[in-house]
Amino acid sequence: MKFALFTGCVAKGATRELMISTLKAAEGLGIDFVEMKSASCCGAGVIPEKSPLLTDALNARNIAIAEEQGLDLITICSTCQGNLKKSECKIDADPGYRDKINGVLREGGHQYSGGKIKVKHFAHILATDEGLALLRQKVKRPLTGLKTAAFYGCYVLRPSELSDFENPDNPTGMEKIFEALGATPVYYPSRIKCCGFPIVMMNKNASLDMSGNALLDAIQSGADCVVTGCPLCHLSLDSYQPEIEKLKAKGYSIPILHLPQLVALALGHSAKELDMHKHIVSTDGAMAKLA
Amino acid sequence: MATFRIRRYVPEKQSEPYYQDFQIDTPSGTTLLDCMNEIKWTQDGSLTYRMSCRSAICGSCAVKVNGHATLACQKQASDLMDGDGVIVLEPLGNLKPVKDLVVDFQPFWGKLDQVKPYLQPDGPAPEKERRQLPEQFADIDAASTCIMCGACYSDCNVLEVDNDFLGPAALAKAQRFVGDSRDEKTQERVKALSEPGGIWDCTHCGECVERCPKPARPFDRIKEIMAVALEQGVHNNNGARHALSFTKSIKHSGRLNENQLPVESVGFFNIKGLLGLIPVGLRMFLKGKVPPIIHKSIDGVEDVKRICRELDK
């Protein structure tokens, strides 16, 4: 399997452990990721606040780069996934708009065709029958006994017409991956909620209450760790966790893992190799379950 | 045969809500509201809920079905059963239950009032009506379809933690007037909507788009107001500064500068805001998680800069 890897900004910045673990997971699974080094930011739902046209032009350029490589584009961030899909859908629905965007791209040597490649989150390719069979085949250290709670990230679920999950109100893709790795999925209502990260600069109390409610739900449902496919959710749930009053009041904490870290652990990598010591919340408790 | 597990709440009889099961047939073509009526008319006349038009026009019958807000008259019951044939009905969220499935809509209406949901034109009234071209109406067409059912309000993730948020329905209604070619108070409106509790407190969860039974799609309307606010120069708030800093970063390097964004979002002279960034910054620094100080551009950044220049023209 060979794909164009759209890293997104945060995997190269504040969550570099995501990038490291993605490459290790891919290597262990025999997946060939070709990093899209000239791809730009997806806009993260923020650039459209200033200019929807700029967002769509940037994402058309991003998808065009993967089209030129002849490879499906794989994201490792729910937010990148949702925003790339949103632009793709908008451009595909309006040939006049596509021509306008291609007019902007022309001088740079890129042209967006549409329909030539697919835009998929890493979780989507792992949650297919083929992906799950590959995981089962490659697992070296089954994550037996580890109770894992998925946290999907809004942008891979909503709006549902852009989601690749069969039932975005009750998705099972991440949980199927956990089972294939030998872990025990924990189903809890907040797994499809918002982490609050987009408003942490605007309304911090509300943002931390949102992440706090979700984490409390996961903890009270018996999870040993929360696993997310979105580095922005990771920042909210991990980096800000010591400030979450709802958890502080109860003396709770819970480790937050990136999905590729969980995969790479099951493929035999150590926590250190996956930079899990760089997390704000210690992952030792979860790792002890695997000992 | 389906089991309707309905959350009952009759405060004058019992202070705590409870769930009651009702079994009924759900022949093909039966809407959820048909089933609720059937239960009320044949099994328990005290079951209380709002309804009127049965045609997804009046917006009265929104309830939570299996945990998510929906218009009861717009969905087929057979599509909503789980594997055991159960459908769970609860009152809308983020509003106080009054009895069974009826909630108190007062906060919802109060927030609609706050956005001044009426035309504010300047000058004397014309002899005939205030006219609008079809292409001008297109800008407010989507927001005009809102039937104020409260489904978006019920499932809004911000309202679950912050009652001061205006919420998706009021903000969609605000766009109906911010975008109206005949309204003359755009600047005042976007200034008010940029205050805490307004547009910049939307967390992008997309629940409102998902639950909206019409093409109103509140999240999309909120984004449209943000664009107008930025265009109108209403920049003195964290949300606007965040959007401008983010865009500047992409224009400069093709990718987000995560070190610059928080500082520029709170503002260089906002001492309290800057101090608030220290705990998370320090934690990340000590763990080696701070993004590289020297911000690297993407390969071929010149092309992205060219695109930005071209679109800025």
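In the block above lies the structure referred to throughout.
Reading guide: rules and limits
Counting restarts for each chain, with residues numbered from 1 along the sequence as it is written. Think of it this way: whatever chain is written first is A, whatever ligand is written first is 1, and the rest follow in order. Where local features are concerned, this predicted model is filtered to residues with pLDDT of at least 70; where side-chain atom pairs are given and counted, the filter is 80 or more; whole-chain, interface and lining totals use all residues. Values shown for side chains rest on all heavy atoms present in the structure; no hydrogens or waters enter the calculation. We count a stretch as a helix when DSSP gives it H or I for four or more residues in a row; a strand needs E for two or more, and each element gets its number in order from the N terminus. Note on exposure labels: buried denotes an accessible area under 20% of the residue type's maximum, exposed denotes more than 50%, and partly exposed covers the range between, all computed with a 1.4 Å probe on protein chains only. Using the Shrake-Rupley algorithm and a 1.4 Å probe, accessible areas are obtained, with residue cover drawn only from the displayed protein chains. Only the stretch in contact is used when a helix axis is fitted, and all axes are lines through C-alpha atoms; the angle between N-to-C directions ranges over 0 to 180 degrees. For classification purposes, an angle smaller than 35 degrees is called roughly parallel, one larger than 145 roughly antiparallel, one from 65 to 115 roughly perpendicular, and anything else oblique. Crossing chirality is assigned from the near helix's rotation relative to the far helix, an anticlockwise turn below a right angle marking it left-handed and a clockwise turn marking it right-handed. Here, two residues are considered to be in contact whenever any of their heavy atoms come within 4.5 Å of each other. For two strands to be treated as a pair, DSSP must find no fewer than two bridges joining them. As a working definition, buried area equals the accessible area (1.4 Å probe) given up by two parts on being put together, with both sides summed. For this document, the term salt bridge refers to a Lys or Arg side-chain nitrogen within 4 Å of an Asp or Glu carboxyl oxygen. Whether a set of points on the 1 Å grid over the protein atoms alone is a cavity depends on a 1.4 Å probe fitting there but being unable to get out, while an open set qualifies as a pocket with protein on both sides within 12 Å along at least five of seven lines; lining residues are those with an atom within 4 Å of a point. Grid points are joined across faces, edges and corners, and a volume is the space filled by probe spheres set on the points. Asp, Glu, Lys and Arg are counted as charged, while Ala, Val, Leu, Ile, Met, Phe, Trp, Tyr, Cys and Pro are counted as nonpolar; the rest, among them Gly, fall into the polar class. Cysteine sulfur atoms are paired as a disulfide whenever they come within 2.5 Å of each other. Counting of polar contacts relies on pairs of N or O atoms within 3.5 Å, with two restrictions inside protein: one atom must be capable of donating a hydrogen and the other of accepting it, and residues adjacent in sequence are counted only when both atoms are side-chain atoms. Residues belong to one nonpolar core when they are buried, are Ala, Val, Leu, Ile, Met, Phe, Trp, Tyr or Cys, and are joined through side-chain atoms within 4.5 Å.

J.: Quick question: what am I supposed to make of the overall build of chain B here?
T.: Helix and strand content of chain B: twelve helices and seven strands. A total of 313 residues make up chain B; the buried ones form 50% of that total. Looking at chain B as shown, the accessible area adds up to about 15,000 Å², and 52% of this sits on carbon and sulfur atoms.

J.: Before we go on, may I ask you to explain the packing of helix H3 (residues 52–69) of chain A against helix H12 (residues 301–312) of chain B in this structure?
T.: Each pair of packed helices can be described by the angle between their axes along with the distance between the axes. Contact geometry of H3 of chain A with H12 of chain B gives a least axis separation of 10 Å together with a crossing angle of 150°. Taken together, the axes of H3 of chain A and H12 of chain B lie roughly antiparallel to each other. Between H3 of chain A and H12 of chain B lies a crossing whose hand is right-handed. On the side of H3 of chain A, the interface is formed by Leu53, Leu54, Ala57, Leu58 and Arg61 of chain A, while H12 of chain B contributes Asp303, Val304, Ile307, Cys308 and Leu311 of chain B.

J.: How do you make sense of the sheet that holds strand S1 (residues 2–8) of chain B when you look at a structure like this?
T.: Strand pairing in a sheet relies on backbone hydrogen bonds, with the paired strands running either antiparallel or parallel. Residue and element names in this part refer to chain B. If you trace the five strands from one edge of the open sheet to the other, you get S2-S1-S5-S3-S4, paired in mixed fashion. Edge positions in the sheet fall to strand S2 (18–24) and strand S4 (68–71), since each has one partner strand and no second. Averaged over all pairs of adjacent strands, the angle between strand axes in this sheet comes to 35°, irrespective of strand direction. In the sheet, strand S3 (residues 62–65) pairs with strand S5 (residues 86–90) via two bridges, with the strands oriented antiparallel. By the bridge assignment for S5, Lys64 is matched with Glu90.

J.: I would appreciate a short explanation of the interface of chain A and chain B in the present structure.
T.: A common way to express how large an interface is: the accessible area buried when the components associate. Taken together, the contacts link 64 residues of chain A with 61 residues of chain B. Together chain A and chain B conceal approximately 5,200 Å² of surface at their shared face, both sides included; 59% is due to carbon and sulfur atoms. Where chain A meets chain B, there are eight salt bridges. Glu161 of chain A serves as the salt-bridge partner of Arg217 of chain B, at 3.1 Å between the closest nitrogen and oxygen. At the level of secondary structure, the elements contributing two or more residues to the side of chain A that touches chain B comprise helix H1 (16–29), helix H2 (47–50), H3, helix H5 (95–105), helix H9 (204–220) and helix H10 (231–239) of chain A.

J.: Before we go on, may I ask you to explain empty space enclosed by the protein in this structure?
T.: Remark: the empty space left among the atoms is shown by a probe the size of a water molecule rolled over them. Residue and element names in this part refer to chain B. Inspection of every chain in the model, using the stated rule, returns five cavities of 30 Å³ or more. What the largest cavity holds in volume is close to 100 Å³. Lining the largest cavity are 14 residues, with Cys146, Cys152, Cys212, Ala216 and Pro218 positioned closest to its centre. Where the lining of the largest cavity is concerned, the elements lending two or more residues are helix H4 (151–155) and helix H5 (168–178). For the lining of the largest cavity, the per-class residue count stands at twelve nonpolar, one polar and one charged.

J.: How should the state of the cysteines be read in this particular structure?
T.: Covalently bonding the sulfur atom of one cysteine to the sulfur atom of another cysteine gives a disulfide. Summed over the entire model, instances satisfying the criterion amount to zero disulfides over all chains. With no disulfide of its own, Cys42 of chain A lies 4.1 Å from the sulfur of Cys80 of chain A, the closest cysteine sulfur. Its sulfur unpaired, Cys208 of chain B is 6.1 Å from the next cysteine sulfur, which belongs to Cys202 of chain B. Overall, Cys208 of chain B belongs to the buried group, its relative accessible area being 8%.

J.: Is there a simple way to think about H10 of chain A in this case?
T.: Residues spaced three or four apart along an α-helix point in a common direction, a consequence of the helix completing one turn every 3.6 residues. Burial within H10 of chain A is extensive, with nine of its nine residues counted as buried. Of all the positions in H10 of chain A, only Pro231, Leu232, Cys233, His234, Leu235, Ser236, Leu237, Asp238 and Ser239 of chain A are classed as buried.

J.: Help me understand unusual backbone geometry, please; the structure alone is not making it clear to me.
T.: Geometrically, the link from Arg158 of chain A to Pro159 of chain A is a cis peptide bond, its omega value of -5° lying close to zero. By the secondary structure assignment, Pro159 of chain A is in the loop between strand S5 (147–151) and helix H8 (173–180). Phi is positive for Arg54 of chain B, which is not a glycine, with a value near 65°. Mapped onto the fold, Arg54 of chain B is located in the loop between helix H1 (32–42) and S3. Overall, Arg54 of chain B belongs to the exposed group, its relative accessible area being 54%. Phi at Asn94 of chain B is positive, roughly 65°, even though this residue is not glycine. Topologically, Asn94 of chain B is positioned in the loop between S5 and strand S6 (97–99).

J.: For this particular structure, what's the right way to read the environment of Glu67 of chain A?
T.: Residues and elements named next belong to chain A. Mapped onto the elements, Glu67 comes out in helix H3. With a relative accessible area of 7%, Glu67 lands in the buried category. Along the sequence, Glu67 and Gly114 sit 47 residues apart, while their C-alpha atoms lie 8.4 Å from each other. The contacts of Glu67, once residues within four sequence positions are left out, are Gln111, Tyr112, Ser113, Gly114, Lys116 and Ile117. Side-chain polar atoms of Glu67 contact the backbone nitrogen of Ser113, separated by 3.0 Å.

J.: What's the story with the side chain of Asn83 of chain A in this structure? I'm lost.
T.: All names here are of chain A. By the element assignment, Asn83 lies in helix H4 (residues 78–92). In this structure Asn83 comes out as buried when scored by relative accessible area, which is 4%. In terms of polar contacts, Asn83 uses its side chain to reach the backbone amide nitrogen of Gly45, at 3.2 Å. A distance of 2.8 Å separates a polar atom in the side chain of Asn83 from the backbone oxygen of Thr79. Not counting the four nearest positions on each side in its chain, Asn83 is found in contact with Cys42, Ala44, Gly45, Asn59 and Tyr155.

J.: Sorry, what's going on with the environment of Val227 of chain A here?
T.: Residue and element names in this part refer to chain A. Relative to the assigned elements, Val227 resides in strand S7 (residues 225–228). A sequence separation of 208 residues divides Val227 from Met19, and the C-alpha atoms of the two residues are 15 Å apart. If near-sequence neighbours (up to four positions away) are discounted, Val227 is found in contact with Thr148, Ala149, Ala150, Phe151, Met174, Phe178, Leu257, His258, Leu259 and Leu262.

J.: What am I meant to see in the nonpolar core here?
T.: One recurring pattern in soluble globular proteins is that nonpolar side chains are buried together. Residues Val226 of chain A together with Phe4 and Leu89 of chain B are the most contacted members of the largest nonpolar core, which totals 144 residues. If sequence neighbours within four positions are ignored, Val226 of chain A has contacts with Ala149, Phe151, Tyr188, Leu215, Ala218, Leu237, Ile254, Pro255, Ile256 and Leu257 of chain A. Counting residues in each nonpolar core, the second largest holds 51 residues, with Leu126, Leu134, Ala183 and Ala271 of chain A among its members.

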